[in-house]
Every structure is written in C-alpha cells, then in structure tokens.
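Listed below are the residues making up each chain.
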Amino acid sequence: MSVQSVSQLNANANHDHILILDFGSQVTQLIARRIRESGVYCEIWPFNQADEQRIKAYNPKGIVLSGGPCSVVDKDSPRAPDIVFEMGVPVLGICYGQQVMVQQLGGLVEKGDEQGREFGRAYVDVTAHNELLDGVWDKGAHEQVWMSHGDRVTKLPEGFEIVGTSEGAPFAFIADENRRFFGVQFHPEVVHTPHGAALYRNFTHNVCGCKGDWTMGAFKDEAVAKIRKQVGSGKVICGLSGGVDSSVTAVLLHEAIGDQLTCIYVDTGLMRQGESKQVVELFRDHYNIPLIHEDASERFLSGLEGIADPEMKRKIIGGLFIDVFDDCKKRVGGAEFLAQGTLYPDVIESVSFTGGPSVTIKSHHNVGGLPEHMELKLVEPLRELFKDEVRDLGRALGMPEDFIKRHPFPGPALAIRLPGEITTERLEILRKADAIYIEEIKNAGLYDAIWQAFAVLLPVRTVGVMGDNRTYDYVCALRAVTSTDGMTAEYYPFDHKFLDRVSTRIINEVMGINRVVYDITSKPPGTIEWE
C-alpha cells in the first residue's frame, strides 16, 4: 500500500456550515477565518471544483462568493454554478462575487473608468436597512470600508435594491431580501473594514440561521472519535518538530489512542538554543508519550557542508529527514499510520483556483508525503483548522500556554536563517543572538503581540571598533512581524530604545557579531523568512 491521504469524516457533520466559493482573491482565507470566528464551520472550494452534485451533497446553510482578480466582462471569466442561485439558501457576494452574481442574474457590470475605480480606504453611505445590518450599521450611516475594484455594477437584476453607495460604486451594497441575496463591492473580511466581522456574523447567524456551535472543545471530542475509528488497533508514528502544529497533533492522538502512538523527534542540529531539551522533557517526561529522540546533527551538518543555495538546503534537509525518519520508523515495528500536523491553509494552497500550476516562491516545508516504500496511511486530524484554531485546540487539550503561543518555526529550522554556507560556528553565533532577541521581546511583554520574531546571521562581515581594537565580524538582522495567518505581514514597530537594548546585548555578549540591523520589509513584497 502506498502513502495516501486517508479521507477523514467531515468535521462539520454535526454542525451548520457555510460554503465559500473561491474566485482567486488573495484574502479568501480571511473570509473563512471571520466565519469560523463566529462559531460556524465553513470550507473554501475553488469555483471550478464545485459542481451541482457536490454542492448539494455539502448542503450548506449559506454560500459566500469571494473576490478575484478577473473581470466579469471578459470572455471566459469565472462564473458561479447556477445551482448556487437555485438552492434557496442565502448568498453573499464579495467584490468579484457581487459582480458575478449581478451578471448571472440579469444585471450589468462595466469596466470602471478612473472615477469608478477604488483601491484602499473608502466610505459607504447606508441608504437602507436589512437583517445583514442589524446592530452594525444604521440607515444614514457613513461607514469606512476597504475597496479593491476596477469594474463596477451599473444595473441591478430584478428584485435587487441599493443598500449603500460609495464615491466610486453607486451599487456598493445591494440586496434582494426576498431571495436573501446580498452583494458588497467592498471587502468586509479585512481589518480595514472595521465592522466587517460583525457583518459576517449577521450573515451566518441572522440570515442563514446557523447555531454557532463550532468550538474547539466540540472539535476535540469529535476528532478523538474519528481518530479511534480510522486507526483502530493500529500503530501510529508522528513526526514531532516541537512546533505548535505537530505538538497539538501528538497530544490529540495520545488522548485518542494512548500508547499506540510513538513520536519521533529528529534533532537535525539546526534547532534553536535549548529546543531539543524542552521538547523531550515535555513529551517524554510530562505527557509520558513514547518518544524516539534521534540526534542526527552530524549527518545533517555534513550533508549541508558547502551548500549556500536555499532551495538546495531545503531539498537536502527534506531528503535526509526522510532517511532518518525511515530508520526510526523501523525501530517502532508494525506502524501503519503516519500522523502529520497539516493545516487547512496547507490544503487550500495546494490547489490553484484556476486549476493550473501556481508560481513557486519557495518550497513549502510542511506539505508533501513520504515515499511510497514507507507504506503508511496518513492521519491528519488538524487539516480542517487554521493556526489560531490549533492554538485553541491546544488549550482545550490542557497544553502549557507558553508552548501553545510559540511563534511559527520553519521545517528547515535555522538553515534558512543562515543565508550562505552553514557551519557549526555560524550556527552557534545565530543561536545565541536569537535567544537574546527572544528573551528581550518576552521581557518587554511583546511576545504575544508578534506573529513571528527571529534573528538572521548574514554572510556579510563589516568593520567595527570594540575598545581600541578593529573588528571584522558578521551582521545580524532582526525580524519581527505581525500577521493573522502568515499570508501577509507587517513589520513590528519596536521603539528605538528596545532596538538599542537588543543590539547592545547581542554585540556585547555574542562573539562574532559587530553590527545589528532591523528588517522593516512587509509581506509582500518580501517573505517572512529570509530564505
């Protein structure tokens, strides 16, 4: 039997759920997050993978049509399946979703001129009231929203009325209350629309009638039952990285199947200061989970010797990890299943909404299976969850808060925070600098306000002066970003006193660094990690 993804029973089987049809918007995941935050389960499907039979089988309480980069007026531009408007369930169209709904129901969309385009902050004047606005916006209100559109609606289908207008969109908010179809030209899912989350909650609860009973406490109990049903009496191995995803996966599995689980922690020699000790103590000593701790640092560092290209680093690390993991798996004996901490964004991003190949920015470090010769079936209990839901699940499992709140850490570990060749000396320098940086962030009470923070040791030496002596040492770059899901990110605005304190400590305490810089690049255009 080859490695395969064993289909899980839908986590939403006992819950109301919403369907999101994706037309390629960069913020479609934020729609799902807003709906999940309201206690309602939802899934994102590419528009071209949602045929009538599949939608009917899913039986959603409501449907959201996302934004997208295409123009409705162009030939062969994406369309929603007709069943969306024939099922008798509420529909909410966002930006392109509004336009495609209007076009398909008999209205008119036109290319926008310079006056009709709106990008960024805009304001909607509310001209009518309906159940989508209850307790959020009143008739006559002037409300901030976030726009990103070139085309615009110029004629409404029969049955629709104007609910709100903006300077560039006379039909910025429309509704057919009889059919419970709603369309907005703006994006309520982004934080720049201040009351957007409340609008989504009204859609799910007031309009669609969802109960809002999607919680991590309920998910935990259901997931335990599903794991037991899938695994039976079989043995499961779990690759433990020490990160939040794999850690929550391991604890959830242990609660479900006990000693049928064995965790494998491969120490690549690329971990942060004290990390391996912390992982082993938590899982072997605190949770008493069977754990193989494999110190393969010499093997990895030898394999990476002389390699500077980041993609080569990832491939070498991935290949060696599989080899080491395979050796450890044989020691377990009779394992049938491999548990992975795959999350919902990993699942979504593995499919392009156009059905074609996506541009590779860099190899993903969480997605992908093991070779067929390992003959394992996959157990992926978190594949329906976003990162914040995984943290909440960890709390429901009683995991230590400091472990749950840990910043994301990449699979290749410090290898991609050491641009250039990896050496033992440079690794030790980076570990010390990174530990000081994180310690100062925690001392300042800022750790939980930051999505991810880390140090990078550049393959660049600069001249410095320490005492009366000339130095010629490395440059250390500090990175800290805020984000909701890692898809986009902004640098954290540390005050200069904090940066001065960190810089002083690193230069004074870490031999080999004589200059510290702070990275203020957002994502996009940069990525969060440097490689």
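Residues numbered from 1 in each chain as written. Predicted model: local features only at pLDDT ≥ 70, side-chain atom pairs only at ≥ 80, totals over all residues. Heavy atoms only, no water.

### Re the packing of helix 1 (residues 28-37) against helix 4 (residues 196-207)
How two helices sit against one another is set out by the angle between their axes and by the gap between those axes. Closest axis-to-axis distance for the helix 1/helix 4 pair is 9 Å, and the angle between their directions is 65°. The orientation of helix 1 relative to helix 4 falls into the category roughly perpendicular. Relative to helix 4, helix 1 is oriented so that their crossing is right-handed. Of the residues in helix 4, those touching helix 1 at I31, R34 and I35 are A197, Y200 and T204. Here the residues of the contact of helix 1 with helix 4 are counted per class, giving 4 nonpolar, 1 polar and 1 charged. (Axes fitted to C-alpha atoms, helices over the stretch in contact; angles between N-to-C directions. Helix = DSSP H or I, 4+ residues; strand = E, 2+ residues; numbered from the N terminus. Parallel < 35°, antiparallel > 145°, perpendicular 65-115°, else oblique. Left-handed = near helix turned anticlockwise from the far one by under 90°. Contact = heavy atoms within 4.5 Å. Nonpolar A, V, L, I, M, F, W, Y, C, P; charged D, E, K, R; others polar.)

### Some details on the packing of aromatic side chains
Across all of its chains, the model carries 18 aromatic pairs by this definition. Here F173 and F186 contribute two aromatic rings whose centre-to-centre distance is 6.1 Å and whose plane-to-plane angle is 65°, an arrangement assigned as edge-to-face. Of this pair, F173 sits in strand 11 (residues 173-176) while F186 is found in the loop between strand 12 (181-184) and helix 4, placing the two residues 13 residues apart along the sequence. One exposure class covers both F173 and F186, and it is buried. Aromatic rings pair up to connect Y437, Y491, Y492, F494, F498 and Y518 into one cluster. The side chain of R33 reaches across the aromatic face of F386, ending 5.9 Å from its centre. In this structure, R406 packs its charged tip against the face of F403, placed 4.9 Å from the ring centre. (Phe/Tyr/Trp six-rings, centres within 6.5 Å; stacked < 30°, edge-to-face > 60°. Buried < 20%, exposed > 50% of the residue type's maximum accessible area, 1.4 Å probe, protein only. Lys NZ or Arg CZ within 6 Å of the ring centre and 35° of its normal.)

### Some thoughts on the packing of helix 5 (residues 216-231) against helix 11 (residues 387-396)
Where helix 5 meets helix 11, the axes come as close as 9 Å, and the angle between the chain directions of the two elements is 75°. With respect to their mutual orientation, helix 5 and helix 11 come out roughly perpendicular. On helix 11, the residues that touch M216, G217, F219 and K220 of helix 5 are E389, D392, L393 and A396. Residues belonging to the contact of helix 5 with helix 11 are distributed by class as follows: 4 nonpolar, 1 polar and 3 charged.

### Examining the pattern of salt bridges
Applying the stated rule across the entire model yields 28 salt bridges. Ionic pairing is found between K220 and E255, a salt bridge with its closest N-O pair at 3.7 Å. Pair noted here: K220 is in helix 5 and E255 is in helix 6 (residues 244-257), with a separation of 35 residues, a long-range link. Looking at E255, the relative accessible area reads 37%, which means it is partly exposed. We note a salt bridge from R505 to E440, for which the minimum N-O separation is 2.9 Å. A residue pair is termed long-range when its members are at least 10 positions apart, and R505 in helix 14 (residues 496-509) and E440 in helix 13 (residues 424-443) qualify at 65 residues. Three or more residues joined by partner-sharing salt bridges are found here, namely D392, R395, E401, K405 and D448. (Salt bridge = Lys/Arg side-chain N within 4 Å of Asp/Glu carboxyl O.)

### Things to note about the pairing of strand 11
Consecutive residues of a regular strand have side chains that alternate between opposite faces of the sheet. Taking every second residue as pointing to the same face, both faces of strand 11 are buried, with F173 and A175 on one and I174 and D176 on the other. When strand 10 (residues 161-165) meets strand 11, the two strands line up antiparallel, connected through 3 bridges. The partner of G164 across the bridge, within strand 11, is F173. Relative to strand 12, strand 11 is paired through 4 bridges, and the arrangement is antiparallel. (Pairing = 2+ DSSP bridges.)

### Here we look at the environment of L133
Secondary-structure assignment places L133 in the loop between strand 7 (118-126) and strand 8 (142-149). Between the C-alpha atom of L133 and that of F85, which follows or precedes it by 48 residues, the distance is 22 Å. The residues contacting L133, other than those within four sequence positions of it, are V126, A128, V163, F173, L199 and N202.

### What to know about helix 3 (residues 96-104)
Burial runs high along helix 3: 7 of the 9 residues are buried. If you check which residues of helix 3 are buried, you get Y96, G97, Q98, Q99, V100, M101 and V102. Immediately beyond the C-terminal end of helix 3, within one or two residues, lies G106, with a positive phi of roughly 105°.

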